[in-house]
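# Observations on the model geometry
Below, each chain spelled out in residue letters.
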Amino acid sequence: MSSSFDRYQKRRLISSYFSVVISIALVLFLLGIVGFLLLNAKKVTDFMKENVNVTVYLKDTAKDVEIKQLEKSLALADYVKTTDFVSKDDAAEAMKSEFGDDFMDLVGYNPLQNSIDVKLKADFLTNEKLEELTALAQEKSFVDEVKYDESLVELINSNVKKISFWVLLLSAIFTLIAVLLINSSIRLSVYSKRFTIKTMQMVGATKSFIRRPFVWKSIKLGILGAVVALIGLGFVVYYVDKMFPELALRQSLVLIGGLFLAVFLLGIIITWISTHFATQRFLNLKTDQLY
Amino acid sequence: MSQTVLELKDASIFQGESLVLSNVNLQVNKGDFVYLIGKTGSGKSSFMKTLYGDLKLTQGEGHIVDFNLRTLKEKEIPFLRRKLGIVFQDFKLLTDRTINDNLTFVLKATGWKDKDKMKERIETVLDKVGMKTKGFKFPHELSGGEQQRIAIARALLNEPELILADEPTGNLDPQTSIEVMEVLQDINKNGNTILMATHDYALLLKYPSKTLKCDDNKVFEVVQRKS
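Residues numbered from 1 in each chain as written. Chains lettered and ligands numbered in written order. Predicted model: local features only at pLDDT ≥ 70, side-chain atom pairs only at ≥ 80, totals over all residues. Heavy atoms only, no water.

All right, on to the overall build of chain B then. When its secondary structure is counted, chain B shows 7 helices and 10 strands. Along the first, second and third principal axes, the C-alpha atoms of chain B reach 45 × 45 × 40 Å. Across the 227 residues that make up chain B, the buried fraction comes to 53%. When the accessible area of chain B is evaluated, it comes to approximately 10,900 Å², of which 47% is carbon and sulfur surface. Computed over 33 positive and 31 negative side-chain charges, the separation of the two mean positions in chain B equals 2 Å. (Helix = DSSP H or I, 4+ residues; strand = E, 2+ residues; numbered from the N terminus. Buried < 20%, exposed > 50% of the residue type's maximum accessible area, 1.4 Å probe, protein only. Areas by Shrake-Rupley, 256 points an atom, 1.4 Å probe, with all protein chains shown as cover. Lys, Arg positive; Asp, Glu negative; His and termini not counted. Charge placed at Lys NZ, Arg CZ, Asp CG, Glu CD.)

This is the structure we're talking about:
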């Protein structure tokens, strides 16, 4: 008879832990997704930014040595990602294949100029930097002009700012929801033990001694929830990698590992802090205030 | 030579904002057995709570074991309670663990480390209350009288200088009350000091001792007629 009572008690306990673990897991999973989004948003915008072309057009009078020297000095600058010399013949070829017919037949000569295509590193793609680059290049007498799409640069930059603001806001809201949800689940499970806590105080146990097993138990639940969340997150990453191989997720395994670790630690920290405060609340109450 | 373990001078006991007892003067010496009687609501429980730090003493003076109740800090309360043994009307055992684990918890919480010594101590106190064979049971598997004996054993664990019993027989039938009372009497004979709040007058007649009465916001000593 007593064993069935024990089983009943145990089952009740397990189901209440179950809901705590599930809520921790769900919240951490969502947080992980937002974090994953945040990581890859940077990658996507970086990819876009590093594809913006700055073209330095050269006069036909420019000597090969001068061109080589300019290309080298540009390539060595810390804000430049790649430089690529495009001769007027290459440019004509490219244009031909793009438009389908040979415009040179029409014009009779090649009107294009030799040029150097410069691509900047994502972090340096600002209008100030581009103006600096322009000024630098135009100091040389053999440079005709420097062209880039000013409005495109502005568009990218302002959108990135907007998007990262919203994603950050979203993750802040998610974190807050996470803390509140986990907090209330833990509060409930501590609340059900409030008389036990009081009794422990009556026999001379210090607050930290009483709190320790509660915190430890919650951390274990937090770890369990985090593991469940990470398994879910693992599946998501796996499928995103399969569907969008251009994100090159395999090359940022360290970052993804860092994200997983952060989610795991967050699970521990949030449950720890919540339990600390939830038990503290009941530890500080007098017996009469419990009812 | 008698040693004072509890002394109150002009103390007032408050329950929240309302005054329950005023001008309490009281002295309990080592080895005494003192009854505290009174109707429900007369302030017995508030009085006891003040003694073990669950209510603050804000007026008058109070000394219990080595602690000053007026200047008692939140942090000192656990250490005060280690020097007291408290027995409650509703036993207050930890329902989620066995008797042995209940007692082990108290020992661990009060700084015991050596497992063998803890085991020995638990056997000693269970023996004192005649419950040596019940250590493996859960509280809900024991009768009320047995649970109260366990609670008394728990109170004895740290060899308290004063045992506070707040209506220890309040939930028990007369026969069981007497059994529990016998245990308390035995402990008292072994030199433990006991302050017991009760409204069970039959016990008073059977085991006469120094008696204090709470009535009309006052505590005064009543002299029992010898029967």
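This paragraph deals with the overall build of chain A. Each helix and strand in chain A was counted, giving 9 helices and 4 strands. Along chain A, helices and strands appear, N-terminal first, in the series α-β-α-β-α-α-β-α-β-α-α-α-α. Its C-alpha atoms give chain A a radius of gyration of 31 Å, clearly above 19 Å, the size a compact globule of 291 residues would have. Principal axes of the C-alpha set define a box for chain A whose edges measure 105 × 35 × 25 Å. Of all intrachain contacts in chain A linking residues separated by at least 6 positions in sequence, the fraction that spans at least 24 positions is 82%. When the accessible surface of chain A is totalled, it reaches about 17,300 Å², and 65% of it is carbon and sulfur. Computed over 34 positive and 30 negative side-chain charges, the separation of the two mean positions in chain A equals 28 Å. (Rg over C-alpha atoms; globule rule 2.2 N^0.38 Å. Contact = heavy atoms within 4.5 Å.)

Okay, the UniProt feature "domain: FtsX extracellular" (unreviewed entry) in chain A next. UniProt annotation of "domain: FtsX extracellular" (unreviewed entry) refers to residues 52-146 of chain A when read in the numbering used here. When the span residues 52-146 of chain A is considered, its composition is 44% helix and 24% strand, and the gap between its end C-alpha atoms is 13 Å. (UniProt positions renumbered as here; feature names shortened; annotations may be inferred.)

The sites that UniProt annotates as "transmembrane region" (unreviewed entry) are residues 12-39, 163-184, 221-240 and 252-273 of chain A. Secondary structure content for residues 163-184 of chain A is 100% helix and 0% strand, while the C-alpha to C-alpha distance between its ends is 31 Å.

Residues three or four positions apart in an α-helix share a direction because the helix packs 3.6 residues into each turn. Taking 1.5 Å as the rise per residue, helix α3 (residues 88-99) of chain A with 12 residues should run 16 Å; its terminal C-alpha atoms sit 16 Å apart, in good agreement. In the segment just after α3(A), G100(A) is the residue with positive phi, at about 95 degrees. (Expected span 1.5 Å × (residues − 1).)

Enumeration according to the criterion identifies 14 salt bridges over all chains in this entry. The salt bridge partner of E145(A) is K147(A), with a shortest N-O separation of 3.9 Å. Note that E161(B) and K83(B) form a salt bridge whose closest N and O atoms lie 3.6 Å from each other. Here E161(B) is found in the loop between α5 (144-156) and β7 (162-166), whereas its partner K83(B) is found in helix α2 (residues 77-83), with 78 residues between them in sequence. Since its relative accessible area comes to 28%, K83(B) is described here as partly exposed. Connected via shared salt-bridge partners are D66(B), K83(B) and E161(B). (Salt bridge = Lys/Arg side-chain N within 4 Å of Asp/Glu carboxyl O.)

All names here are of chain A. A full pass over the atoms with the stated rule returns 7 aromatic pairs over all chains. A ring pair is formed by F165 and W166, whose centres lie 5.4 Å apart and whose planes are at 70 degrees; its orientation type is edge-to-face. Cation over ring: R281 sits above F282, and NZ or CZ is 5.2 Å from the ring centre. (Phe/Tyr/Trp six-rings, centres within 6.5 Å; stacked < 30°, edge-to-face > 60°. Lys NZ or Arg CZ within 6 Å of the ring centre and 35° of its normal.)

Right, let's get into the interface of chain B and chain A. Listed by partner, the interface residues are 26 residues for chain B and 19 residues for chain A. Note on chain B versus chain A: buried area summed over both sides is about 2,000 Å², and carbon and sulfur give 59% of it. For the chain B face of the interface with chain A, the top three residues by lost area are D54(B), R81(B) and F105(B), together amounting to 25%. Between chain B and chain A we count 1 salt bridge in total. The salt bridge involving K207(A) is made with E74(B); its shortest N-O contact spans 3.1 Å. Linking chain B to chain A there are 3 residue pairs in polar contact (both at pLDDT 80 or more). Where the side of chain B that touches chain A is concerned, the elements lending two or more residues are α2 and α3 (99-109) of chain B. No other element matches the 5 residues that α2(B) contributes to the side of chain B that touches chain A. Per-class residue counts for the side of chain B that touches chain A are 11 nonpolar, 4 polar and 11 charged. (Buried area = accessible area lost by both parts, 1.4 Å probe. Polar contact = N/O pair within 3.5 Å; in protein donor to acceptor, adjacent residues only side chain to side chain. Nonpolar A, V, L, I, M, F, W, Y, C, P; charged D, E, K, R; others polar.)

Further remarks concern the pairing of strand β1 (residues 4-15) of chain B. Residue and element names in this part refer to chain B. Relative to strand β2 (residues 18-29), β1 runs antiparallel, the two being bridged by 8 bridges. Looking at the pairing, Q15 lines up with S18 of β2. Looking at chain direction, β1 and strand β4 (residues 59-64) are connected through 5 bridges and run antiparallel. Bridge assignment links L8 to a residue of β4, and that residue is G62. (Pairing = 2+ DSSP bridges.)

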